[in-house]
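Each chain is listed here by its residues.
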Amino acid sequence: MKAYVLHGIGDYVCEEAKKPCAEAGTALVHVKAAGICGSDIPRVYRTGAYHHPLIPGHEFAGEVVEVGEGMSSALIGKRVGVFPLIPCLKCPQCQKKQYEMCDSYNYLGSRTNGGFAEYVQVPEWNLIELPDLVTMEQAAMLEPMAVAVHAIRRARLSGADRIAVCGLGTIGLCMAMFLLDGGCRELYVAGNKDFQKEMAQTIGIKAENFCDIRCEDFSGWLLDKTEGLGVEVFFDCVGKNDVLEQGIKSLRAEGKMMLVGNPASDAALEKNLYWKILRRQLRLIGTWNSSFTHEESDDWHYVLKRLGEGKVKPEKIITHRMSFDTFMEGFEIMHTKSGDYGKIMLCNE
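Residues numbered from 1 in each chain as written. Predicted model: local features only at pLDDT ≥ 70, side-chain atom pairs only at ≥ 80, totals over all residues. Heavy atoms only, no water.

Caption draft 1: The pairing of strand E4 (residues 59-67), seen in detail. Direction of pairing for strand E3 (residues 26-35) relative to E4: antiparallel, over a ladder of eight bridges. Residue pairing for E4: His30 is matched across the bridge by Glu63. Pairing of E4 with strand E5 (residues 79-82), which is carried by three bridges, proceeds in the antiparallel orientation. Pairing of Glu63 across the sheet is with Arg79, part of E5. (Pairing = 2+ DSSP bridges. Helix = DSSP H or I, 4+ residues; strand = E, 2+ residues; numbered from the N terminus.)

Written as structure tokens, this is what we have:
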């Protein structure tokens, strides 16, 4: 089969690879759509993976074409999304169905072969069947959408909360979509590109609620927007120290700082900011991945329901649809920042 294989840092090529087969408890999925995540870029160009060679890609969807021993043949031909985290099912967190916090998980696309290939072997446990109205492109975005929903749910919002989102990559844009869908009346977002402002307006953000942090101090801007009181909830979808500081400065008393973005480097706080956390009794809350329990209440089923009802439209932020032969261009665009982009998608349909 064709696959994009990472042999080492910067050594990333499209080549012929051995097609996997469906072993006991697993299915062979023919990949129909796969998205590049921001985390894929450092994995390919700067840090490498846990082992090499590796086929990256953890945001993907496809069709089951083969099943392993002990599985029903009725699964063949089903359209499926894929939860990429493979839990051990044994640790204390797994016993509480908090699989996203598994002590010894595997992961499609970072620790074992993932979706930037024609075929992927996926545990049956990790499959979620798609409703007819959900497209493969939408299903390939289930993972980032579920991550956004997980963060929102952990924030335990009230209808009156004033909310800020800093960082308008895929996660930030998905978060804004679900916040608007959930009835958020005062949503403020920040970005550093004209293109991000266009994307924000495309999903329903008012132009006056976008802060261009190239020329505005986000915390001061938020205080102006909220009569000096600050916001109740601040979502950091960037993972940089300055955004952490901006969030702390812009929160009202007893506000919540949701840490969503993967850290770009070590973080440190000035003493006065630390004091602000204490004196204003702020809450800094970490959030990781998403809940997938095979129950209707989990994050993935919630996202599927909203997609099936047409309430959220993640395809609005897809800017590039690439064939297998041109997919490497998508990585180069994200790596070199040579052009504006939202979600870059491999389309095999």
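Having put the structure on the table, let's press on.
Caption draft 2: How the structure looks around helix H4 (residues 142-155). Taking 1.5 Å per residue, 14 residues should reach 20 Å; H4 reaches 20 Å between its end C-alpha atoms and fits that length. With 12 of 14 residues buried, H4 is to be regarded as a mostly interior element. Among all positions in H4, only Leu142, Glu143, Pro144, Met145, Ala146, Val147, Ala148, Val149, His150, Ala151, Ile152 and Ala155 are buried. (Expected span 1.5 Å × (residues − 1). Buried < 20%, exposed > 50% of the residue type's maximum accessible area, 1.4 Å probe, protein only.)

Caption draft 3: Highlighting the pairing of strand E8 (residues 119-123). Most of E8 sits out of view: four of its five residues are buried. Two strands pair when backbone bridges link them, and E3 and E8 are joined in this way by five bridges, in the antiparallel orientation. Paired with Ala27 across the two strands is Val122, which belongs to E8.

Caption draft 4: How the structure looks around the environment of Thr112. With respect to the element layout, Thr112 can be found in the loop between strand E7 (106-107) and E8. Assessed through its relative accessible area of 26%, Thr112 is described here as partly exposed. Look past the residues within four positions of Thr112 in its chain and what remains in contact with it is His51, Leu54, Ile55, Ile86, Asn106 and Tyr107. (Contact = heavy atoms within 4.5 Å.)

Caption draft 5: Quick peek at the packing of aromatic side chains. A full pass over the atoms with the stated rule returns 19 aromatic pairs. Aromatic ring contacts, followed pair by pair, group Tyr4, Tyr12, Phe116, Phe324, Phe327 and Phe331 into a single cluster. Here Lys19 stacks its cationic end above the ring of Tyr119, 4.2 Å away from the centre of that ring. When the ring centre of Tyr50 is taken as origin, the NZ or CZ atom of Arg111, which lies over that ring, is 4.1 Å away. (Phe/Tyr/Trp six-rings, centres within 6.5 Å; stacked < 30°, edge-to-face > 60°. Lys NZ or Arg CZ within 6 Å of the ring centre and 35° of its normal.)

Caption draft 6: Structural detail: a nonpolar patch on the surface. A cluster of nonpolar residues, Leu269, Tyr274, Trp275 and Leu278, forms a patch on the protein surface that exposes about 390 Å² of accessible area. Along the chain, the position of Trp275 falls in helix H9 (residues 271-279). What makes Trp275 partly exposed here is its relative accessible area of 37%. (Patch = residues over 30% accessible without salt bridge, like charges linked within 9 Å, V, L, I, M, F, W, Y side chains within 5 Å. Areas by Shrake-Rupley, 256 points an atom, 1.4 Å probe, with all protein chains shown as cover. Salt bridge = Lys/Arg side-chain N within 4 Å of Asp/Glu carboxyl O.)

Caption draft 7: Main features of the sheet that holds strand E11 (residues 186-191). Taken in spatial order, the six strands line up as E12-E11-E10-E13-E14-E15 in an open sheet, and their pairing is parallel. In this open sheet, the two edge strands, each paired with only one partner strand, are strand E12 (210-212) and strand E15 (283-286). Averaged over all adjacent pairs, the angle separating strand axes in this sheet is 20°, with direction ignored. In the sheet, E11 pairs with E12 via three bridges, with the strands oriented parallel. Counterpart to Ala190 in the pairing with E12 is Cys211. (Axes fitted to C-alpha atoms, helices over the stretch in contact; angles between N-to-C directions.)

Caption draft 8: Molecular detail of the nonpolar core. Counting 54 residues, the largest nonpolar core has Leu142, Met175, Leu179, Leu187 and Phe235 as the members making the most contacts within it. Residue assignment for this core shows that the elements contributing at least two residues are helix H3 (136-139), H4, strand E10 (162-166), helix H5 (170-181), E11, helix H6 (194-202), strand E13 (231-236) and helix H10 (299-308). Top element by residues in this core is H4. It accounts for eight residues. Among the nonpolar cores identified, the runner-up in size contains 42 residues, and Leu108, Val120, Phe324 and Met334 belong to it. (Core = buried A, V, L, I, M, F, W, Y, C linked by side-chain atoms within 4.5 Å.)

Caption draft 9: Expanded view of the pattern of salt bridges. Evaluated as defined, the whole model comprises 13 salt bridges. Taking the shortest distance from any N to any O, the salt bridge between Asp325 and Lys2 comes out at 3.3 Å. Note that Asp325 is positioned in the loop between strand E16 (318-322) and helix H11 (327-336) and Lys2 in strand E1 (residues 2-8), a separation of 323 residues in sequence. Look at Asp325 and you get exposed, because its relative accessible area is 60%. Because the salt bridges share partners, they merge into one network encompassing Arg162, Glu232 and Arg252.

Caption draft 10: Local environment of the environment of Pro20. Mapping Pro20 onto the fold places it in the loop between strand E2 (11-16) and E3. Residue Pro20 is classed as partly exposed on the basis of its relative accessible area, which comes to 23%. The spatial distance from the C-alpha of Pro20 to the C-alpha of Glu118 is 10.0 Å, given a sequence separation of 98 residues. What Pro20 contacts, discounting residues up to four positions off in sequence, is Met1, Leu28, Tyr119, Val120 and Gln121.

Caption draft 11: Main features of a positive patch on the surface. Side chains of Arg46, Lys193, Lys240 and Lys337 sit close together on the surface and give a patch of like positive charge. Tracing the sequence through the fold places Lys193 in the loop between E11 and H6. (Lys, Arg positive; Asp, Glu negative; His and termini not counted. Charge placed at Lys NZ, Arg CZ, Asp CG, Glu CD.)

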